[in-house]
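Report on the structure
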Amino acid sequence: MIAQLESHSAEWDICIIGGGATGLGTAIDAASRGLKTLLVEQHDFAKGTSSRSTKLVHGGVRYLQQGNIKLVTEALKERGLLRQNAPHLVKNQSFIVPNYKWWEGPFYGIGLKIYDWMAGSLGLGPSRFLNREETLELAPTLDGEGLRGGVLYHDGQFDDARLAINLAATAAAHGAVLLNYMPVTGLLKANAKLCGVQAKDALTGKTYEIKAKAVINATGVFADRLLKMDDPAREPIIAPSQGIHIVLDKSFLPGSAAVLVPHTDDGRVLFAVPWHNKIIAGTTDTPVEPKDNASLLEPVAMEEEIEFVLHTIGKYLTKDPVRADIKSIFAGLRPLVKGNAKSTAALSRDHHIEISDSGLVTITGGKWTTYRRMAEDVVNTVIKHAGLPESACVTGQLKIHGWKEAVDFDTATYYFGSDEAAVNALIQQDPLLGRPLHPLLPYSAAAIVWAVQEEMCMTVEDALARRTRALLLDAKAAAEAAPGVAAIMAGLLHKDESWVNEQVNGFTQLARQYLPDTIIH
Ligand SMILES: Cc1cc2nc3c(=O)[nH]c(=O)nc-3n(C[C@H](O)[C@H](O)[C@H](O)COP(=O)(O)OP(=O)(O)OC[C@H]3O[C@@H](n4cnc5c(N)ncnc54)[C@H](O)[C@@H]3O)c2cc1C
């Protein structure tokens, strides 16, 4: 891809800053309309918020409670489209809302019927009332004391970082050039108008001046930094809100149904969702003020947040999870747009587009679920503003890389979709690649070879946090697998022993942050 950047002497139509859900979706939209598109990401694709979500493709039951009908309707439509366009990554997930009070059944039941109705023909299945026995059959570890029954409904569930990697491949297939480890370090202007960006290859140190007709700031919680780069007097627009998840063994919630706790002590909802044969429980909504780039890139869970999630989920399960049960903890920052609400939980999840005096177009807010719609809106805005050739958006029906209709979500390698045959072919050529990376991880060495050869995987962290999800599934096992992964990568990337040591040490340090108490030595 660097060669494509270096050989492209002409002006780009669109330069997108940021390789999360928003930027990657925008790259697909722009490239599939025939625009010359470049995307630059400072770290790895989805390193930021986009690998740290609850992994739900949803309308948002909570937003329905808040009365945000527009957001729920839009998100339900996007949920349906994404399930059609990436069926290898978006699963139909059943959720149970347990009822302990007499009014909860009718209250949540009617609300979820409205949710079904709003999804229309793109619905994933009707919700229904469950009696006590049916509820416990589907979720046998729910606390049975005082349980009256439940309501079952459907939503989508996905693998966020894998979708991001597949979005990057889709954009590239439509002619976009995408570069990770390429931070934008300055904005280029002529007569006070933006005409491109300055970027630095973080792996080689080489700098580039990139000319573009339009520049899009899709940097999530970093958006204010780019706005300040453009205009130092600029007031911030982002109110970052931290959310954490803890990952537990599947035995805490066996079976296929997820649980939605409808009302936490701080008046929100909390999920416990099966994911890659583990349980993800979360999340929190804590206003934060990260001071530097590092704390924006790698936020750390607070003690109170960990205790809150353990305590809240423990109230609903027969066995209370304790700190020693935690396999991994991950924290993410919501790029919420400032408003007048009293708490970040009440701030809008709608997206926000604005054009600065210099012409910089900023898109932020929104949700993973609505990334396609956000991309469509921002590319429409840019076409009009920068006078680019008009053409209609085609992403509503565009298949995402890896598209495969019938995948078995119970297999460890379902996420490869149509790439699975090629990954298996690697193992046929070299059976040693079929060996597991670690006895507690569902990944083979072939997944790493594939990631390096086909998915722009540059570091051990890329391999274990986002190409595979080892760091999120079991941080200790991921750290133990790091030396083997570094050795495979060093062979493919022609790296020496000092690179291997640096990678293993860096990743081990990172993995420590994903565990509540240091149990990695
Ligand atoms: C706890 C939590 C749970 C969530 N759960 C869900 C959910 O279940 N479902 C859902 O739909 N949504 C969910 N969301 C929301 C969703 O994750 C976000 O809306 C979405 O990921 C934001 O994507 P983004 O691309 O705007 O930002 P990001 O993913 O943060 O991407 C921005 C990128 O810009 C890059 N960047 C920054 N500065 C520069 C620079 N100078 N040069 C180059 N690149 C730069 C960053 O490195 C980063 O990768 C959740 C969010 C959180 C925090």
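No experiment lies behind these values; they were computed from the predicted model shown. Residue numbering note: each chain is counted from 1, following its sequence as written. Only residues with pLDDT of at least 70 get local features here, since the model is predicted, and only at 80 or more are side-chain atom pairs given and counted; chain-wide, interface and lining totals rely on the full set of residues. Each side-chain value is derived from all of the structure's non-hydrogen atoms; neither hydrogens nor water enter the calculation.

1. Overview of the pairing of strand β9 (residues 193–200)
Counted only if it meets this: In this description, strands pair whenever DSSP reports at least two bridges between them. Numbering of helices and strands starts at the N terminus; helices are DSSP runs of H or I of at least 4 residues and strands are runs of E of at least 2.
Judged from the 6 bridges that link them, strand β8 (residues 184–190) and β9 form a sheet pairing that is antiparallel. In the strand pairing of β9, Leu188 is matched with Gly196. Linking β8 back to β9 in an antiparallel pair, the connection comprises 2 residues, with Asn191 at a positive phi of about 50°. Both β9 and strand β10 (residues 207–217) contribute to a ladder of 5 bridges, which runs antiparallel. Across the sheet, residue Gln198 finds its bridge partner in β10, namely Glu209. The hairpin turn running from β9 into β10, its antiparallel successor, is 6 residues long, and Gly205 in that turn takes a positive phi close to 85°.

2. Side note on the pattern of salt bridges
The following threshold applies: Salt bridges, as used here, are contacts in which a Lys or Arg side-chain nitrogen is within 4 Å of a carboxyl oxygen on Asp or Glu. Under the scheme applied here, a residue whose accessible area is under 20% of the maximum for its type counts as buried, over 50% as exposed, and between as partly exposed, the area being computed with a 1.4 Å probe on protein chains only.
In total, this model carries 26 salt bridges according to the counting rule given. Close ionic contact of Arg33 with Asp29 constitutes a salt bridge, the shortest N to O distance being 2.6 Å. Just as Arg33 is buried, Asp29 falls in that class too. Linking Glu354 and Arg234 is a salt bridge whose minimum nitrogen-to-oxygen distance equals 2.7 Å. In this pair, Glu354 sits in strand β17 (residues 351–355) while Arg234 sits in the loop between α8 (223–230) and β11 (238–249), placing the two residues 120 residues apart along the sequence. Residue Glu354 is classed as buried on the basis of its relative accessible area, which comes to 15%.

3. Some details on the site of the ligand
Convention followed: Nearness is judged by heavy atoms alone; a residue qualifies as near a molecule or strand once a single heavy atom is within 4 Å of it. Side-chain atoms alone can form a polar contact between residues adjacent in sequence; in general such a contact is a pair of N or O atoms within 3.5 Å, and within protein one must be able to donate a hydrogen while the other accepts it. Each accessible area is a Shrake-Rupley result for a 1.4 Å probe, and residues are judged covered by the shown protein chains and nothing else. Think of it as three bins: nonpolar holds Ala, Val, Leu, Ile, Met, Phe, Trp, Tyr, Cys and Pro, charged holds Asp, Glu, Lys and Arg, and polar takes everything else, Gly as well.
Lining the immediate environment of the ligand, one finds 36 residues, of which Thr22, Glu41, Ser50, Leu56 and Thr369 sit closest. Between the ligand and Thr22, the relevant distance is 2.7 Å, taken from an oxygen atom to a side-chain nitrogen or oxygen of the residue. Thr49 places a polar main-chain atom, nitrogen or oxygen, 3.2 Å from an oxygen atom of the ligand. Here the ligand, which alone exposes 1,000 Å², has 96% of that area covered by the protein. Every element with two or more residues in the shell around the ligand is listed here: α2 (21–32), β11 and β16 (328–337). Residues of the shell around the ligand, tallied by class, amount to 12 nonpolar, 19 polar and 5 charged.

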